[in-house]
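Overview (structure and organization)
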2 protein chains.
Amino acid sequence: MRQNPARRAALLDAAIEVLAREGARGLTFRAVDVEARVPNGTASNYFDNRDDLLTQVGHRFYERLEPDPGVMAAVLEGPRDRDRVTELMHDLVDRVSHFRSGYLALLELRLEATRRPELRRLLTERIRADVDANISHHVQAGLPGDATTVVLLYLALNWLILERLTLPDIFPEDQIHALVTDVVERILPGPRRAT
Amino acid sequence: MRQNPARRAALLDAAIEVLAREGARGLTFRAVDVEARVPNGTASNYFDNRDDLLTQVGHRFYERLEPDPGVMAAVLEGPRDRDRVTELMHDLVDRVSHFRSGYLALLELRLEATRRPELRRLLTERIRADVDANISHHVQAGLPGDATTVVLLYLALNWLILERLTLPDIFPEDQIHALVTDVVERILPGPRRAT
DNA sequence: GGCGTAGTACTCTGCCTGTAGTGGTTGAAC
DNA sequence: GTTCAACCACTACAGGCAGAGTACTACGCC
């Protein structure tokens, strides 16, 4: 089992791309080797088996999603009203949508988690932490809405992104934007701008 | 190319089960043969190739999801207020959740649609029709809320179901129930019971 | 009796895994 | 500064395995 961390990370990033592009069906050691432009058999040297690979991909995904200090700090600026939340949600949706391969890979992992207990444990832990972090961050930033608000935004926006990335013609691009605004308006009642 | 419609349907139903259980990775002609308890090579005789198989699975899925007249009629009974909507949404979530293999198979198909234009066209068409039908049905039944309401319920509840089916420990079962109520309460403002 | 299909059996192919072996690089010890 | 050891990249290969597809036989229905 080789140890070179940079190479391991490169292999995992390649695996994310393969997952998104070819699906779970296409995720083989060989495909990872090719995607990472690395000699055949390299992935075999870094991962015990497919299960090991998938679990490490899960870890890697969240490693790459580590909080962006800039974005976090930006939330603390500006007003704390509903229009601000709308802005933040637009940013969020756009940011996640732009990491298309990552998002699709995560969906593949979710489906794989259905049959791999260890992967399921990992994803459950990370996603729950993510939701909790969103809630406390939202509340502590003094933004309007409670924990339930944040969870409902999480639900609706996630499916909206999924729809956008898998079947983009269901909701055309301009409608997506309007829908994000609608989501916040309906889920977060109250005045638009702080009075 | 064999024609027997009953056998074809049985093969497609088997394919749905395989998709849900083994994922897109496990969906091979052989696996379908085994699942349908049919001799090896049969699926080869019924489908040109993998693409053909997947597209027909998409058709079959929606064939099986044809409107349930009983459920449709039930909506027209009882009051037309928010509590009624909450009830209906609870029923909906439970009904869809119970067709676990179908829902998971559809998710697999969505991801496959990312790389198969024909499948994407098919799913786009059927899902858009589904959303539109939900909207007109809701409005014509005189239930409170407009088209946007229905779309937002669609978004939030779909992700809730996905969460429930793929990572059940994120939101424990009792919380799911409460969340459905929350979703309706927040998205559909107004009095609980008709006055 | 003929058409279509179920069922059997077999081959061919291609891909994937895992590993052995070699050469090179780096880092440490002296 | 030289030597040695450890690690790793890379090549090449063997073995395996499952799946696709197809001839062929048998059977039932019209």
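Residues numbered from 1 in each chain as written. Chains lettered and ligands numbered in written order. Predicted model: local features only at pLDDT ≥ 70, side-chain atom pairs only at ≥ 80, totals over all residues. Heavy atoms only, no water.

Before going further, it helps to examine the protein's contact with DNA strand D. The immediate surroundings of DNA strand D are formed by A:Arg2, A:Gln3, A:Asn4, A:Arg7, A:Pro39, A:Asn40, A:Tyr46, B:Thr28, B:Phe29, B:Arg30, B:Gly41 and B:Ser44. In DNA strand D, atoms within 4 Å of the protein come 59% from sugar and phosphate. A distance of 3.0 Å is found between a base nitrogen of DNA strand D and a side-chain nitrogen or oxygen belonging to A:Arg2. A class-by-class count of the residues in the surface near DNA strand D yields 3 nonpolar, 6 polar and 3 charged. (Near = heavy atom within 4 Å. Polar contact = N/O pair within 3.5 Å; in protein donor to acceptor, adjacent residues only side chain to side chain. Nonpolar A, V, L, I, M, F, W, Y, C, P; charged D, E, K, R; others polar.)

Another aspect to go through is the protein's contact with DNA strand C. Around DNA strand C, the structure places 13 residues, and the nearest of them are A:Phe29, A:Arg30, B:Arg2, B:Arg7 and B:Tyr46. Near the protein, meaning within 4 Å, the atoms of DNA strand C are sugar or phosphate in a fraction of 58%, with bases accounting for the rest. Between A:Arg30 and DNA strand C, the recorded distance is 3.0 Å, taken from a side-chain N or O atom to a base oxygen. Between DNA strand C and the protein, one listed contact pairs a phosphate oxygen with a side-chain N or O atom of B:Arg7 at 2.4 Å. Going through the elements one at a time, α2 (29-35) and α3 (42-46) of chain A are the ones with two or more residues in the surface near DNA strand C. Counted by class, the surface near DNA strand C contains 3 nonpolar, 7 polar and 3 charged residues. (Helix = DSSP H or I, 4+ residues; strand = E, 2+ residues; numbered from the N terminus.)

A word on the interface of chain A and chain B. By a widespread convention, an interface's size corresponds to the accessible area lost as its parts come together. Chain A puts 50 residues into the contact, and the matching count from chain B is 50 residues. With both chains or domains summed, chain A and chain B bury close to 4300 Å², and 65% of this area falls on carbon and sulfur atoms. Sorting the residues of chain A by area buried against chain B places A:Arg25, A:Trp159 and A:Arg186 first, and these three jointly supply 20% of that buried surface. Remark: the boundary between chain A and chain B carries 6 salt bridges. Residue A:Asp146 is joined to B:Arg186 by a salt bridge in which the shortest nitrogen-to-oxygen separation is 3.1 Å. Viewed at the interface, chain B and chain A are joined by 16 residue pairs in polar contact (both at pLDDT 80 or more). The set of elements that each furnish at least two residues to the side of chain A that touches chain B consists of α1 (5-22), α7 (100-113), α8 (117-140), α9 (147-166) and α10 (173-187) of chain A. A class-by-class count of the residues in the side of chain A that touches chain B yields 27 nonpolar, 8 polar and 15 charged. (Contact = heavy atoms within 4.5 Å. Buried area = accessible area lost by both parts, 1.4 Å probe. Salt bridge = Lys/Arg side-chain N within 4 Å of Asp/Glu carboxyl O.)

So, about α1(A). Residues and elements named next belong to chain A. Between the first and last C-alpha of α1 there are 25 Å, a value that for 18 residues agrees with the 26 Å anticipated at 1.5 Å per step. For α1, the complete set of buried residues consists of Arg-8, Ala-9, Leu-11, Leu-12, Ala-14, Ala-15, Ile-16, Val-18, Leu-19 and Ala-20. In the core, the buried residues of α1 are packed alongside α2, α3, α4 (50-64) and α7. At the C-terminal side of α1, Gly-23 shows a positive phi close to 85°. (Expected span 1.5 Å × (residues − 1). Buried < 20%, exposed > 50% of the residue type's maximum accessible area, 1.4 Å probe, protein only.)

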